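Structural characterization, general
So the chains spell out like this:
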Amino acid sequence: MTPADPTPPTAPSSAPARPWALLAELTHACPLHCGYCSNPLELTRRSRELTGEQWTDVMRQAGEFGVVHTHLSGGEPLLRRDLAEIVTAAEAAGIYTQLVTSGVGLDRDRLSTLAAAGLRSVQLSVQHADPRASDRIAGRRSFAEKERAAGLVRAAGLPLGLNVVLHRENLDAIDALIELGLTWGVDRIELANTQFYGWGLLNRAALLPTRDQLARARDAVERWRERLTPDGPDLVWVVPDYFDGVAKPCMGGWGAVSLTVTPDGTVLPCPAAASLPDLDPPNIRDHPLAWIWDHSEAFTRYRGTDWMADPCRTCSRRDEDFGGCRCQAYALTGDATRTDPACRLSPDHGLIRSLADDSTKGRGVIRRRVPVRGG
Amino acid sequence: MKAAPGTDWRPVPAPAIVRRHDPVRDADLLILPERVVVLTGRAETVLALCDGTRSVRGIVDELAERFPGAPVATDVPPFLERLRTEGWLR
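Residues numbered from 1 in each chain as written. Chains lettered and ligands numbered in written order. Predicted model: local features only at pLDDT ≥ 70, side-chain atom pairs only at ≥ 80, totals over all residues. Heavy atoms only, no water.

The name given to chain B in an unreviewed UniProt entry is Pyrroloquinoline quinone biosynthesis protein PqqD, with the source organism recorded as Streptomyces cellostaticus. Under the UniProt heading Pathway (unreviewed entry), the entry covering chain B gives this text: "Cofactor biosynthesis; pyrroloquinoline quinone biosynthesis." (UniProt positions renumbered as here; feature names shortened; annotations may be inferred.)

By the naming in an unreviewed UniProt entry, chain A goes by PqqA peptide cyclase and is assigned to Streptomyces cellostaticus. Check the Pathway (unreviewed entry) section of the UniProt entry for chain A; it says "Cofactor biosynthesis; pyrroloquinoline quinone biosynthesis." In UniProt, chain A has this text filed under Function (unreviewed entry): "Catalyzes the cross-linking of a glutamate residue and a tyrosine residue in the PqqA protein as part of the biosynthesis of pyrroloquinoline quinone (PQQ)."

Right, dumping it as structure tokens:
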């Protein structure tokens, strides 16, 4: 009678295990302009977005195929006027919905409409515990709206998670950030060290922290874990893979656990995979979801371990970290089939080490997303 | 016999949790904001009794009646306690 984490069951046929989760990137439009944004540099314009009807069909197909959980994300999903319709479709398909939001634009009416449509929980971003610093990092005044949004979600009785992307400008505020989460009454605080994709990769030099900053923050999180009671919020520390010498088990494996649908209907094994230039990802407008998952070249290419080269191919950890991240391997070496350079066993690990130890980092200027075009 | 510590609370799933059957995998699931838990063995049978009206002792009695000879008195309270520690039951 032990509950277990989902593990890929051994399928009797050759069909791959079905996905559990869908990241639905409903729009790239966003009121914030955070320098760490993992959206691609080439943002989808609004006129290219899937319609509400198309998203409804995505949810139907996903539910029938075995998806049980979705993050409704973006950009800022609240910018979709038909968001409640999409929530309704997910709920009808048996899919648990979590809204991933900046909080900007979430008023009482909007939230009650979403809750009535079946929204199950909310994950709210904050950039810093200090309002002015948070607004500065977000590239616009937004802290006050976030605070208000947190209160509304609490009042509605929905579970609330706080998400903080960590980098050079806010790692020293880790205690204040956790205290903020406690003040706002959140159930979960995700302290996510920046993953360097999209705009975050572009701004890497300015975002990378020092090893000392990271060590202090990690110690602080440990102290909080000891102090918080079992009733207190969960503290989740998303590791900084540039610094640990260990590759992250990216996405739980390529095409293994979850999939991403981008605003224009592109279906990807992970949100960063659009950065692989030769992937030629399929679009939900052209193919059924089941075919895309089971048979498309984009999903089968790095599934399992057959594609691996040394040192992954013979490594005892290959079924635990899946060779790390394909997009990071490509971004740093130009070859997506290489071992993730974050792994200390990678022949390219020196690339990561020199970035992590570069004494000139932190001097870069943040380049910010420009507003997504309407037309 | 003296009651084991913690057998008088009345377990109920935390509000964040959805319990459902997954027809695609023929599995019973707990779905949380950030994760999915697959229930194995008789976990679903036990959780179905966690409705906030039954005490742990009541749940044990009911299961003992349904599954004579099963080690419910020794296994079920620590199982429920573990789920409470995870934050999945209250």
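Residues and elements named next belong to chain B. Taken in spatial order, the three strands of this open sheet run 1-2-3, and their pairing is antiparallel. Among the strands making up the open sheet, the edge pair consists of strand 1 (18–22) and strand 3 (36–39). Neighbour-to-neighbour, the strand axes of this sheet turn through a mean angle of 30°, independent of strand direction. (Pairing = 2+ DSSP bridges. Helix = DSSP H or I, 4+ residues; strand = E, 2+ residues; numbered from the N terminus. Axes fitted to C-alpha atoms, helices over the stretch in contact; angles between N-to-C directions.)

All names here are of chain A. UniProt records the feature "binding site: [4Fe-4S] cluster" (unreviewed entry) at Cys 30, Cys 34 and Cys 37, using the numbering of this structure. Mapping Cys 30 onto the fold places it in the loop between strand 1 (21–25) and helix 1 (52–65). Since its relative accessible area comes to 21%, Cys 30 is described here as partly exposed. Apart from the residues within four sequence positions on either side, Cys 30 is in contact with Gly 75, Glu 76, Leu 79 and Arg 369. When you line up the elements, Cys 34 lands in the loop between strand 1 and helix 1. Apart from the residues within four sequence positions on either side, Cys 34 is in contact with Gln 127, Ile 137, Ala 138 and Arg 368. (Buried < 20%, exposed > 50% of the residue type's maximum accessible area, 1.4 Å probe, protein only. Contact = heavy atoms within 4.5 Å.)

Right, let's get into the domain arrangement of chain A. Residues and elements named next belong to chain A. Structurally, chain A comprises domain 1 (21–240) and domain 2 (305–365). On a C-alpha basis, the centroid separation for the pair domain 1 and domain 2 is 27 Å. Residue-level contacts link 11 residues of domain 1 with 14 residues of domain 2. Surface buried jointly by domain 1 and domain 2 totals about 940 Å² across both partners, of which 54% is contributed by carbon and sulfur atoms. Together, Tyr 197, Arg 204 and Arg 211 form the three largest contributors to the area buried by domain 1 at its contact with domain 2, with a combined 44%. In this assembly, domain 1 and domain 2 are joined by one salt bridge. Among the ionic pairs, Arg 211 bridges to Asp 357, the shortest N-O distance being 2.7 Å. At the junction of domain 1 with domain 2, the criterion picks out one residue pair in polar contact (both at pLDDT 80 or more). Counting residues per element, the side of domain 1 that touches domain 2 draws most heavily on helix 8 (residues 204–207), at three residues. Partitioning the side of domain 1 that touches domain 2 into residue classes produces six nonpolar, two polar and three charged. (Domains from an automatic or database assignment. Buried area = accessible area lost by both parts, 1.4 Å probe. Salt bridge = Lys/Arg side-chain N within 4 Å of Asp/Glu carboxyl O. Polar contact = N/O pair within 3.5 Å; in protein donor to acceptor, adjacent residues only side chain to side chain. Nonpolar A, V, L, I, M, F, W, Y, C, P; charged D, E, K, R; others polar.)

Here we take up the confidence of the model for chain B. Residue and element names in this part refer to chain B. Across chain B, the average pLDDT comes to 90, with 93% of residues at 70 or higher. Element-level pLDDT for chain B is lowest in helix 3 (residues 72–86), with a mean of 92, against a maximum mean of 96 in strand 2 (residues 27–31). For this predicted complex, the interface confidence score (ipTM) comes to 0.87, while the overall pTM stands at 0.92. (pLDDT = per-residue confidence, 0-100.)

Per the UniProt record, "domain: Radical SAM core" (unreviewed entry) is annotated on residues 16–231 of chain A. When the span residues 16–231 of chain A is considered, its composition is 42% helix and 16% strand, and the gap between its end C-alpha atoms is 38 Å.

Because the α-helix completes a turn every 3.6 residues, residues three or four places apart line up on one side. Taking 1.5 Å per residue, 17 residues should reach 24 Å; helix 9 (residues 211–227) of chain A reaches 25 Å between its end C-alpha atoms and fits that length. For helix 9 of chain A, the elements touching its buried residues are helix 6 (174–183), strand 6 (188–193), strand 7 (234–238) and helix 10 (241–244) of chain A. (Expected span 1.5 Å × (residues − 1).)

A ring pair, where both rings are aromatic, is described by two values, the distance of the centres and the angle of the planes. Residues and elements named next belong to chain A. Summed over all chains, the structure comprises five aromatic pairs over all chains. Relative to Trp 184, the ring of Phe 143 has its centre 5.6 Å away and its plane inclined at 45°; by these criteria the two rings are tilted. With Phe 143 in helix 5 (residues 143–155) and Trp 184 in the loop between helix 6 and strand 6, this pair connects stretches of sequence that are 41 residues apart. Owing to a relative accessible area of 7%, Trp 184 belongs among the buried residues under this scheme. Plain terms: the ring middles of Trp 293 and Phe 299 are 5.5 Å apart, the flat faces sit at 45° to each other, and that makes the pair tilted. The cationic tip of Arg 227 hangs over the ring face of Trp 224; the distance from NZ or CZ to the ring centre is 4.0 Å. Residue placement shows Arg 303 over the ring face of Trp 293; its charged tip is 5.1 Å from the ring centre. (Phe/Tyr/Trp six-rings, centres within 6.5 Å; stacked < 30°, edge-to-face > 60°. Lys NZ or Arg CZ within 6 Å of the ring centre and 35° of its normal.)

In a beta sheet, neighbouring strands are held together by backbone hydrogen bonds and run either parallel or antiparallel to one another. Residue and element names in this part refer to chain A. Pairing within the open sheet is mixed, and its nine strands lie in the order 7-6-5-4-3-2-1-8-9. Each end of this open sheet is capped by a strand with a single partner; those strands are strand 7 and strand 9 (267–268). Bridging between strand 2 (residues 69–73) and strand 3 (residues 96–101) involves four bridges; their strand directions are parallel. Counterpart to His 69 in the pairing with strand 3 is Tyr 96. Strands strand 2 and strand 3 of the sheet are contacted by helix 2 (residues 83–92), whose axis makes an angle of about 170° with strand 2. Lying over the sheet, helix 9 contacts strand 6 and strand 7, oriented at roughly 160° with respect to strand 7.

Moving on, we come to the side chain of A:Ser142. Position of A:Ser142 relative to the elements: it lies in the loop between helix 4 (131–138) and helix 5. If we ignore the near neighbours within four places in the chain, the residues touching A:Ser142 are A:Leu32, A:Val104 and A:Asp135.

Turning to unusual backbone geometry, a few remarks are in order. Residues and elements named next belong to chain A. Of note, the amide linkage connecting Gly 74 to Gly 75 takes the cis form, showing an omega dihedral of 10°. Secondary-structure assignment places Gly 75 in the loop between strand 2 and helix 2. Note the cis peptide between Asp 310 and Pro 311, where omega equals 5°. With respect to the element layout, Pro 311 can be found in the loop between helix 12 (297–300) and helix 13 (318–321).

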